Amino acid sequence: MNFIIQGTLKAIKELYNTDISEEAIALQETRKEFEGQITIVTFPLTRISKKTPEQTGNDLGEYLKNTLPEVTGFNVIKGFLNISVSDNFWLHLFTSSILQPTYGQFPKNGQKVMVEYSSPNTNKPLHLGHVRNNLLGYSVAQILDANGYDVIKANLVNDRGIHICKSMLAWQLFGNNETPETNNLKGDHLVGKYYVLFDKEYKKQIEELKEAGQTEEDAKKNAPLIRKAQEMLLLWEAGDAEVISLWKKMNAWVYAGFSSTYKKLGVDFDKFYYESDTYLLGKDIIDEGLEKGVFFSKPDGSVWIDLTADGLDEKLVLRADGTSVYITQDLGTAQLKYDDFKMDQSIYVVGNEQDYHFKVLFLILEKLGKVWAKGLYHLSYGMVDLPSGKMKSREGTVVDADDLVDEMIATARTRTEELGKVEGFSDEEKQSLYEMIGLGALKYFLLKVEPKKRLLFDPNESIDFQGNTGPFIQYTHARICSVLAKGLYENAKKSDYAPALTNVERDLIVLQSKYPEIIEASAQDHSPALIANYIFELAKLYNKFYHEEPILKADDLQIKEFRLALSKATATILKKGMKLLGIEVPDKM
RNA sequence: GUUCCCGUAGUUCAAUGGAUAGAAUUAUGGUUUCCGGUACCAUCGAUAUGAGUUCGAAUCUCGUCGGGAACACCA
């Protein structure tokens with residue numbers, strides 16, 4: 001709506017002899033109860049005009065109407081100037097822009113951005129929390145791509161540490177050489193089973209030691225199992241052949257399991273980093289920091305940074321014995337990633353319980369004078385709650401990712417079969433449809449909420465296909481496809497529409513014209529939710545249009561072709577938008 | 001204790017500081033023609049609380065109350 005802004009600037013210059021910036025003009029969509037499509041808020045301008053909001057609105061409206069051919073009328077209500085734009089303008093916008101194949105795809109902007117997400121531990125299968133992380137990361141990557149960035153999807157796998165040793169040890173002790181093949185169990189689930197078993201046996205030992213008179217604290221340290229796990233970690237770090245080989249074997253099981261879950265979820269990565277490769281990094285950054293005086297040593301040899309001036313604490317960055325802590329590795333890994341790709345931005349998709357960690361991490365890198373530090377961003381998201389309360393693996397209230405996906409697909413099947421609309425589908429077509437619907441429901445449900453907000457996942461409700469859901473949008477798309485097929489859209493003439501627009505038609509074009517702004521805003525805010533809510537609005541409005549205006553039975557051939565084109569444009573936006581959420585839409589369902 | 005995030009209809013979510021706070025769901029009632037009724041239309045229903053800033057506050061500031069999280073020589 002740039003021509004309105006420019007026109008208004010000119011108006012203000014001529015009427016009030018003042019120059020103002022574009023940002024000073026507040027444009028918004030006209031509320032549907034009023035006449036017009038675009039509204040200017042006049043309150044901020046009254047300082048310049050020295051008139052009442054009403055008079056200012058009238059002055060501007062009159063000026064715009066007289067100077068801009070696209071402006072056909074206006075009204076001023078309580079200081080809001082509502083502008084009517086000609087149908088010709090909207091039709092032209094529709095054919096020259098909205099209907100074009102590249103609509104909503106921005107040209108390359110020459111910027112490179114890394115999105116790191118998923119980042120699983122290799123000691124247990126993925127659960128609902130990871131699902132939110134994966135969907136969010138993947139979707140944000142898609143959105144950035146649509147905005148013209150070069151995107152690198154990265155996954156930093158946490159494949160070492162005491163927690164990994166726990167499942168290894170438990171398998172060694174109790175596993176009887178069980179493998180995914182012998183037991184027909186997905187590798188990550190098998191390893192997770194032993195992680196749980198470790199915890200169970202460990203607790204038993206703690207109880208025994210407590211009964212023998214030890215304090216809880218001592219018991220936790222002295223239990224033979226934890227001691228053995230620690231020994232194993234030392235052996236791993238020393239490169240012990242047997243431990244390494246066990247570690248490789250079990251990790252391979254887990255990776256096979258993860259890769260099948262990723263595939264099911266439809267997410268992928270361009271670059272994997274492994275903590276087993278990176279956990280020793282960061283020491284040189286410590287040296288650098290000491291040299292620059294950003295860090296300081298304590299008498300025992302440990303290295304710290306004082307962030308109290310920034311409202312944070314003193315933070316340890318290297319232990320007295322010279323070994324790394326979590327943040328040491330992260331400093332090193334950040335440098336490694338930058339050296340590898342020289343990206344302009346780097347986005348970490350990590351839960352909000354690590355807000356403090358990332359604040360510290362980024363601040364340290366800035367203080368070290370890393371020019372790329374300003375491109376770092378923590379995409380923090382809220383926890384996923386269940387109606388029963390918080391997910392706790394120990395209490396068995398954790399929702400497993402694979403189970404969840406399977407359940408969604410099964411429900412999609414049941415629902416679809418009940419409706420009996422898949423006659424004539426082959427078995428493969430049916431299966432692929434059920435997957436599209438089940439996953440669409442799940443993904444849409446998790447992505448329609450603003451990332452930073454906590455989210456309540458009700459398994460029963462998520463499977464509801466009514467209302468603001470993925471399947472509703474998928475259905476709308478399928479219905480449009482059906483109309484287009486019947487109307488032989490492909491053969492229809494595709495330009496020179498000149499009908500007088502009905503209200504819904506105009507509303508539809510106006511809404512469609514907002515799509516690029518939404519794509520931009522969702523990248524800016526790192527929020528797929530904006531797109532989800534937008535395409536839902538669009539689907540709803542299309543249904544209203546569909547209900548009110550005949551398409552195939554329109555009296556006039558030109559009108560019919562125009563309405564088909566309008567339908568086609570809607571379907572395309574729905575499809576593109578859903579794709580940015582990682583959701584496929586069927587042509588038939 | 002300190003810091004951070006969040007409080008909007010019964011429920012789940014919206015609202016670049018702008019008009020009478022929108023949807024979805026639930027409940028109730030309705031849809032001559034109809035291209036796919038998983039649709040459409042209508043009614044009921046909310047900004048936790050007290051101040052402040054502003055022409056104008058759900059939104060910004062401060063306090064109170066409520067929910068969550070972080071502040072480890074764990075990762």
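The coordinates are above.
A few points on the structure. (Residues numbered from 1 in each chain as written. Chains lettered and ligands numbered in written order. Predicted model: local features only at pLDDT ≥ 70, side-chain atom pairs only at ≥ 80, totals over all residues. Heavy atoms only, no water.)

**Remarks on the overall build of chain A**
The secondary structure content of chain A amounts to 23 helices and 14 strands. Across its three principal directions, the C-alpha atoms of chain A cover 90 × 65 × 40 Å. Out of the 589 residues in chain A, the part that is buried amounts to 52%. Taking the contacts inside chain A whose residues are at least 6 apart along the sequence as the reference set, 73% of them involve residues at least 24 apart. When the 70 basic and 85 acidic side-chain charges of chain A are each reduced to a single mean position, those positions are 2 Å apart. (Helix = DSSP H or I, 4+ residues; strand = E, 2+ residues; numbered from the N terminus. Buried < 20%, exposed > 50% of the residue type's maximum accessible area, 1.4 Å probe, protein only. Contact = heavy atoms within 4.5 Å. Lys, Arg positive; Asp, Glu negative; His and termini not counted. Charge placed at Lys NZ, Arg CZ, Asp CG, Glu CD.)

**Some words on unusual backbone geometry**
Residue Lys78 is not a glycine yet carries a positive backbone phi of 50°. By secondary structure assignment, the location of Lys78 is in the loop between strand E3 (71–77) and strand E4 (80–85). The phi dihedral of Asn184 falls on the positive side, at around 50°, and the residue is not glycine.

**Overview of the pairing of strand E12 (residues 376–381)**
With five of six residues buried, E12 lies mostly within the body of the structure. Regarding topology, helix H15 (residues 355–367) serves as the crossover connection from strand E11 (residues 345–351) to the parallel E12, and that connection is right-handed. (Right-handed = clockwise from strand over helix to strand, strands pointing away.)

**Topic: helix H20 (residues 503–512)**
Among the ten residues that make up H20, eight are buried, leaving the element largely enclosed by the rest of the structure. Val504, Glu505, Arg506, Leu508, Ile509, Val510, Leu511 and Gln512 are the residues of H20 that are buried. Its buried side turned inward, H20 meets strand E1 (27–29), helix H4 (87–98), helix H21 (515–524), helix H22 (528–548) and helix H23 (557–580).

**Section: the pattern of salt bridges**
Side chains carrying opposite charge are able to pair once their charged atoms draw close together. Applying the stated rule across the entire model yields 28 salt bridges. The partner of Glu29 in a salt bridge is Lys514, with the nearest N and O atoms 2.8 Å apart. One end of the pair, Glu29, is in strand E1; the other, Lys514, is in the loop between H20 and H21, and 485 residues separate them in sequence. On the accessibility criterion, Lys514 (23% relative accessible area) is partly exposed. Lys544 is the salt-bridge partner of Glu548, the closest N and O atoms lying 3.9 Å from each other. (Salt bridge = Lys/Arg side-chain N within 4 Å of Asp/Glu carboxyl O.)

**Focus on the sheet that holds strand E10 (residues 314–318)**
One open sheet holds the three strands; their spatial order is E8-E9-E10, and the pairing between them is antiparallel. Sheet topology places strand E8 (296–297) and E10 at the edges, where each strand pairs with a single neighbour. Pairing of E8 with strand E9 (residues 303–306), which is carried by two bridges, proceeds in the antiparallel orientation. Note that in E9 the partner of Ser297 across the bridge is Val303. (Pairing = 2+ DSSP bridges.)

**Some details on empty space enclosed by the protein**
The final tally for this structure, using the stated rule, is one cavity of 30 Å³ or more. Its volume calculated, the largest cavity comes out at about 60 Å³. If you trace the largest cavity, you find it lined by Ala334, Lys337, Tyr338, Met343, Asp344, Gln345, Ser346, Tyr348, Trp372, Gly375 and Leu376. Put simply, the parts of the chain that give the lining of the largest cavity at least two residues each are helix H14 (326–341) and E11. (1 Å grid on protein atoms, 1.4 Å probe; cavity = no way out; pocket = protein on both sides within 12 Å on 5 of 7 lines; lining within 4 Å. Points joined across faces, edges and corners; volume = space filled by probe spheres on them.)

**Observations concerning the protein's contact with RNA strand B**
Looking at RNA strand B, there are 59 residues lining it, with Lys78, Phe80, Arg454, Lys486 and Tyr546 nearest. In RNA strand B, atoms within 4 Å of the protein come from the sugar-phosphate backbone in 63% of cases. A distance of 3.3 Å separates a phosphate oxygen of RNA strand B from a polar side-chain atom of Arg31. Contact between RNA strand B and Lys78: a phosphate oxygen at 2.5 Å from a side-chain N or O atom of the residue. Broken down by secondary-structure element, the contributors of at least two residues to the surface near RNA strand B are E1, strand E2 (38–41), E4, H14, strand E14 (455–456), helix H19 (470–486) and H22. A total of seven residues in the surface near RNA strand B trace back to one element, the largest contributor, which is H19. (Near = heavy atom within 4 Å. Polar contact = N/O pair within 3.5 Å; in protein donor to acceptor, adjacent residues only side chain to side chain.)

**Some words on the packing of aromatic side chains**
Considering all chains together, one arrives at 24 aromatic pairs under this definition. Here Phe3 and Phe89 contribute two aromatic rings whose centre-to-centre distance is 4.8 Å and whose plane-to-plane angle is 50°, an arrangement assigned as tilted. Remark: Phe89 occurs in helix H4 and Phe3 occurs in helix H1 (residues 2–16); sequence separation between them is 86 residues. Ring geometry for Phe272 against Tyr274: centres 6.2 Å apart, planes inclined by 15°, an arrangement best described as stacked. Judged by its relative accessible area of 26%, Tyr274 is partly exposed. Taken together, the aromatic side chains of Tyr117, Tyr255, Phe258, Tyr262, Phe269, Phe272 and Tyr274 make up a single cluster linked through ring pairs. Between the NZ or CZ atom of Lys271 and the centre of the ring of Tyr273, over which it lies, the distance is 5.0 Å. (Phe/Tyr/Trp six-rings, centres within 6.5 Å; stacked < 30°, edge-to-face > 60°. Lys NZ or Arg CZ within 6 Å of the ring centre and 35° of its normal.)

**Here's the deal with the layout of surface pockets**
When its volume is computed, the second largest pocket comes out at roughly 900 Å³. Glu29, Thr30, Arg31, Lys32 and Asp507 are the residues nearest the centre of the second largest pocket, which is lined by 27 residues in total. Looking at the lining of the second largest pocket, the elements with two or more residues in it are E4, H20 and H22. With six residues, the single largest contributor to the lining of the second largest pocket is H20. Here the lining of the second largest pocket is composed, by residue class, of eight nonpolar, seven polar and twelve charged. (Nonpolar A, V, L, I, M, F, W, Y, C, P; charged D, E, K, R; others polar.)

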